[in-house]
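Residue-level structural notes
Listed below are the residues making up each chain.
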Amino acid sequence: MFFELERTKRILDVLQGDILRGQKRIEDIEMGEGKGRPKVWQPFAKDQLWGGRDYWCWFRFSVQIPKELDGKRVGLLLSTGRRGEWSDPGPQFIVYVNGRLVQGADGNHREITLSFDGKEGECYQVELAAYTGNLSELPEDEPPRNEFAAFLCEHNSRAEQLYFDLLAPYETAMLYEKGNPIRIVLEEDLKHCINLLDLRVMGSRDYEASVDSALAYMKEFYETKCHDKPEIANCIGHTHIDVAWLWTLEQTEQKAIRSFSTVLELMKEYPEYIFMSSQPQLYQFVKRLAPEVYQQIKERVQEGRWEPEGAMWVEADCNLSSGESLIRQIIHGKRFFREEFGKECSILWLPDVFGYSAALPQILKKSGISYFVTSKISWNEYNHMPYDTFWWQGIDGTEIFTQFINAANIGDRPDSFYSTYNAQLRPEAVQRGWEHYQQKRSNSETLVTFGFGDGGGGPTREMLEMNRRLSKGLPGCVQTKIRPVRDILDQIRKNTEKASNLPKWVGELYLEYHRGTYTSMARNKRFNRKSEFLLESAEKLSVLGKILMGTEYPAETLEQGWEVLLLNQFHDIIPGSSIREVYEDSLRQYRSLQTGVKGMIRPVLEQLAEQTEGNGILCYNPTSFERNACVEIEGKLVYIEHIPPMGYCVARPVKPEKTMRVSTEEMENEFFRLRFDSKGMISELYDKRAERQVLQAGCCGNVLTAFEDKPVKYPAWDVMIYYQEKSWVVDDVSDFQVTCDTAEKISVTITRTFLSSVIRQTISLYHGIPRIDFQTEADWKESDLLLKAAFPVDVLSPRATYEIQYGALERPTHWNTSWDTDKFEVCAHKWADLSETGYGVALLNDCKYGHDIKDGVMRLTLLKCAVKPNPEADKEHHCFTYSLMPHEGSWQEAGVVRQAALLNQPVTVLPASGGGRLPDEFSLVKSDFENVVVEVVKQSYDETGIIVRVYESWGKRTKASLSFGFSIKEAALTDLEERPEQELSVKGRGLS
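Because the structure is a prediction, the values reported are computed rather than measured. (Residues numbered from 1 in each chain as written. Predicted model: local features only at pLDDT ≥ 70, side-chain atom pairs only at ≥ 80, totals over all residues. Heavy atoms only, no water.)

Another point: the overall build of the protein. For the protein, the helix and strand inventory stands at 18 helices and 54 strands. For the protein, the C-alpha radius of gyration of 32 Å lies close to 30 Å, the compact-globule estimate for 992 residues. Counting over 992 residues, the protein shows a buried share of 63%. Sequence separation of 24 or more characterises 73% of the internal contacts of the protein that already satisfy a separation of 6 or more. Here the protein displays about 37,500 Å² of accessible surface, and carbon together with sulfur accounts for 48% of that area. Between the averaged position of the 118 positive side-chain charges in the protein and that of its 147 negative side-chain charges there is a distance of 2 Å. (Helix = DSSP H or I, 4+ residues; strand = E, 2+ residues; numbered from the N terminus. Rg over C-alpha atoms; globule rule 2.2 N^0.38 Å. Buried < 20%, exposed > 50% of the residue type's maximum accessible area, 1.4 Å probe, protein only. Contact = heavy atoms within 4.5 Å. Areas by Shrake-Rupley, 256 points an atom, 1.4 Å probe, with all protein chains shown as cover. Lys, Arg positive; Asp, Glu negative; His and termini not counted. Charge placed at Lys NZ, Arg CZ, Asp CG, Glu CD.)

Below, the structure written as structure tokens:
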């Protein structure tokens with residue numbers, strides 16, 4: 001009896017071989033090369049190979065239904081000699097039958113149904129648009145290595161039905177040890193069924209009659225042995241498509257068409273099939289390139305069988321994108337689904353993103369989002385997340401209902417808590433997922449997404465057939481139900497409300513993995529930061545120009561710019577984890593974006609400069625802070641005082657008294673005195689205001705160190721904790737000289753060589769500005785290294801503070817627990833700060849994100865040059881600036897938020913001719929408290945007013961007042977989609 005399941009497996013193999021019976025190879029196949037339909041076709045030989053790196057071609061042939069298939073279900077089976085590959089380099093196809101786009105095909109979707117009741121003599125013209133070639137793996141001269149064959153066959157539905165009738169209980173029984181009561185019961189029924197089969201002559205009358213008997217037995221089994229259960233695995237069809245990764249955006253367009261058309265084709269056969277897909281960017285691709293597919297999607301949406309959800313424009317990285325970018329992701333995403341499908345999104349759907357900012361709950365709630373779904377935290381390297389269903393509390397106290405996806409990966413160890421968003425709908429996936437689910441006392445329902453993803457493809461016939469059996473409540477397995485995601489989450493939330501003991505997670509959802517994504521592909525991260533501020537600045541200036549000069553607000557151009565930025569924040573583009581070609585596309589897009597937006601900004605500034613009353617220097621300040629600045633105009637360095645916030649002034653330079661001094665041994669201003677050692681490192685840093693040494697005794701500051709960076713699995717994604725065990729100080733100085741010595745600014749420039757690379761740093765102090773800037777250029781040519789800048793500061797604190805989107809977050813500076821230790825590399829935006837009572841040091845940057853602070857050593861990660869999937873990653877010229885800001889008091893009192901904003905958003909200057917009618921000083925809006933930051937001023941989407949986005953930056957309850965440079969008719973608090981929520985009282989040009 002202990003061989004019952006082995007015997008069953010053998011019979012299953014026999015039945016599976018009878019599903020596509022009578023396979024007859026198609027002759028006379030033709031092939032044409034290229035992306036579009038070829039004009040020239042050539043015969044394709046049986047033994048011919050095709051493919052290569054980034055290879056596109058077409059196949060075509062004709063099929064006529066033979067007599068023996070008259071009245072039968074007739075299908076085509078494709079073969080390339082390479083089965084089961086979910087993405088490149090496995091061949092992928094778009095299938096056209098009689099000129100109609102029918103479906104996609106790949107290693108997991110190989111069958112095409114031509115007719116459910118074939119008619120003898122009926123002809124079909126078949127064309128296949130084919131692609132193969134993993135750009136990250138294959139060399140430029142990759143030879144063809146794919147076969148191609150197509151077989152006409154009968155789809156034997158009765159054999160298929162019996163196969164799956166047996167497969168579901170067989171796979172369930174396999175989950176249990178021999179001798180387990182559940183396994184014994186299932187073995188007995190499987191044995192009785194297969195004993196009814198007569199397999200002596202396949203296809204004979206005896207065989208067919210025995211299949212009838214076996215089907216009848218299994219029908220009784222499902223009716224009598226299966227029952228509805230309280231434990232439900234709620235399932236939704238899904239295909240996660242990476243907008244770019246090991247393929248380019250161009251290939252993603254094709255993946256979306258392949259995947260979505262395959263879904264639609266399967267829906268015709270399986271009326272219970274419901275599918276969900278996020279990312280409006282993918283829908284936009286399909287709408288533009290395959291309108292006939294898009295129209296079918298719209299019809300399925302109206303039927304309730306296709307669920308457009310997910311909220312964001314793309315599934316964006318939530319560590320690196322700014323707060324405003326996250327808001328725009330949601331605004332653009334929700335608006336697309338609303339306008340195209342009439343659907344209101346209520347779920348943030350991010351199954352594969354590399355960590356989740358503690359700013360998200362507030363952003364979601366203020367955007368009308370009720371639920372957050374992911375599975376990625378199950379990837380944690382050391383610590384198992386203790387909840388699957390919980391309330392997630394953000395930095396302001398806002399809570400969002402959060403559900404993790406609960407499907408096990410086929411073949412994982414039973415004690416593995418890894419969950420997948422690409423589940424195969426089989427007993428192991430749903431039952432193991434249920435066993436691992438941690439909120440059983442509050443809820444008996446889980447969430448499962450099934451379908452091949454990452455490279456697309458989606459659910460298969462096999463998965464849908466398996467669901468038909470598992471949905472009956474099979475003994476030993478959780479019961480499945482296919483339902484829309486929103487209904488699933490509504491039900492789970494309802495269940496937990498009855499239980500009233502749902503846990504809460506406070507703060508960020510930090511992924512203990514993929515920490516290298518804060519740094520990889522530095523160029524892209526710089527473009528992202530600069531483009532975020534450029535677009536915000538252009539919006540402010542466009543409002544200013546409209547108010548003062550009546551210029552037209554360029555809404556369409558700005559929207560297009562934001563969509564380019566949002567696209568490039570996809571979670572495999574901005575993290576630096578895609579192939580080289582993706583970044584070639586991204587570079588072109590960013591350059592076009594910046595050229596276009598700068599082309600809008602410059603004319604507005606020039607008009608201002610021509611129309612002010614007075615002459616002098618027009619200084620435009622996009623930040624919400626009044627500022628002083630050291631700027632260069634017409635080749636001359638000048639110092640300007642009292643530039644108003646979020647506006648401009650016509651200024652005359654202030655000539656400071658020369659009090660600063662500089663040499664290659666020492667530099668000093670009113671704030672700091674620095675001494676250098678022979679290697680150009682800062683051997684002493686004295687804060688004159690606080691009268692204290694900033695650096696730890698015997699330690700140097702601004703130590704550039706290269707660490708060996710060889711992660712175990714994912715080079716571009718990961719930084720492993722052992723990177724610190726092997727390092728080299730970058731201290732080979734080839735040049736060291738004073739490069740600026742004026743009353744406004746002093747600088748030294750140090751050139752260092754390291755292996756084949758050159759790093760040139762200009763260290764600057766300013767009159768009136770309390771920070772030390774390290775302007776850096778690196779000609780980098782290395783691989784598998786991590787470059788960091790370190791400042792060991794004499795500050796004692798168990799926690800450091802890091803800027804995140806629209807706020808700040810504290811993290812430990814020690815490794816007391818595994819949870820502390822695993823945050824050995826963390827993400828911050830414009831600044832990180834280490835403060836004790838009364839004193840601290842902030843580390844600012846203009847385009848970096850990776851940080852670590854431990855035992856008083858503050859380090860900023862500058863470069864990470866992985867070789868996979870992009871062997872050329874970061875081997876280029878880099879420009880960036882970071883700054884050190886020692887300060888008295890807390891980071892709030894010292895104005896760290898302000899200085900970081902000023903570093904990232906410099907003043908724009910140009911000569912003002914004077915003689916016009918515009919005032920010489922103007923602010924769009926001013927805040928009366930420094931902690932209340934005005935981030936955005938833009939025209940509303942309905943073009944009826946102006947949106948002002950304000951946030952509190954210190955974590956302090958504040959009743960703030962805003963004053964405007966223009967008259968206000970009425971004002972209201974709105975949600976983030978600009979819908980009024982509360983009318984505000986206006987007094988003159990201000991409101992509270």
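Turning our eyes to something else, we now look at the packing of aromatic side chains. Scanning the model with the defined rule gives 51 aromatic pairs in all. For the ring pair Phe260 and Trp306, a centre distance of 5.2 Å and an interplane angle of 90 degrees mean the geometry is edge-to-face. Here Phe260, found in helix H5 (residues 249-269), pairs with Trp306, found in strand E13 (residues 306-308); they are 46 residues apart in sequence, far enough to count as distant. Among the residues examined, Phe260 registers a relative accessible area of 0% and is labelled buried. On the numbers, 5.5 Å between centres and 70 degrees between planes, the contact of Tyr714 with Trp717 is edge-to-face. (Phe/Tyr/Trp six-rings, centres within 6.5 Å; stacked < 30°, edge-to-face > 60°.)

Turning our attention to the packing of helix H7 (residues 291-303) against helix H8 (residues 323-341). Contact geometry of H7 with H8 gives a least axis separation of 11 Å together with a crossing angle of 85 degrees. Taken together, H7 and H8 sit at an angle that is classed as roughly perpendicular. Here H7 contributes Tyr294, Ile297, Lys298, Val301 and Gln302 to the contact with H8, which in turn contributes Phe336, Glu340 and Phe341. Here the residues of the contact of H7 with H8 sort into 5 nonpolar, 1 polar and 2 charged. (Axes fitted to C-alpha atoms, helices over the stretch in contact; angles between N-to-C directions. Parallel < 35°, antiparallel > 145°, perpendicular 65-115°, else oblique. Nonpolar A, V, L, I, M, F, W, Y, C, P; charged D, E, K, R; others polar.)

What follows is about the nonpolar core. Membership of the largest hydrophobic core comes to 213 residues, with the highest contact counts inside it found for Leu162, Ile297, Trp306 and Tyr356. Counting residues per element, this core draws most heavily on helix H15 (residues 580-611), at 12 residues. Leaving out residues up to four positions away in the same chain, Trp306 has contacts with Phe260, Val263, Leu264, Met267, Phe275, Ser277, Tyr283, Ile297, Arg300 and Val301. (Core = buried A, V, L, I, M, F, W, Y, C linked by side-chain atoms within 4.5 Å.)

Here 9 strands make up an open sheet; going across it, the order is E32-E33-E34-E35-E44-E41-E40-E37-E38 and the pairing antiparallel. Of all the strands in the sheet, the pair left with one neighbour each is strand E32 (732-741) and strand E38 (807-812). For this sheet the average axis-to-axis angle between neighbouring strands, irrespective of direction, equals 20 degrees. (Pairing = 2+ DSSP bridges.)

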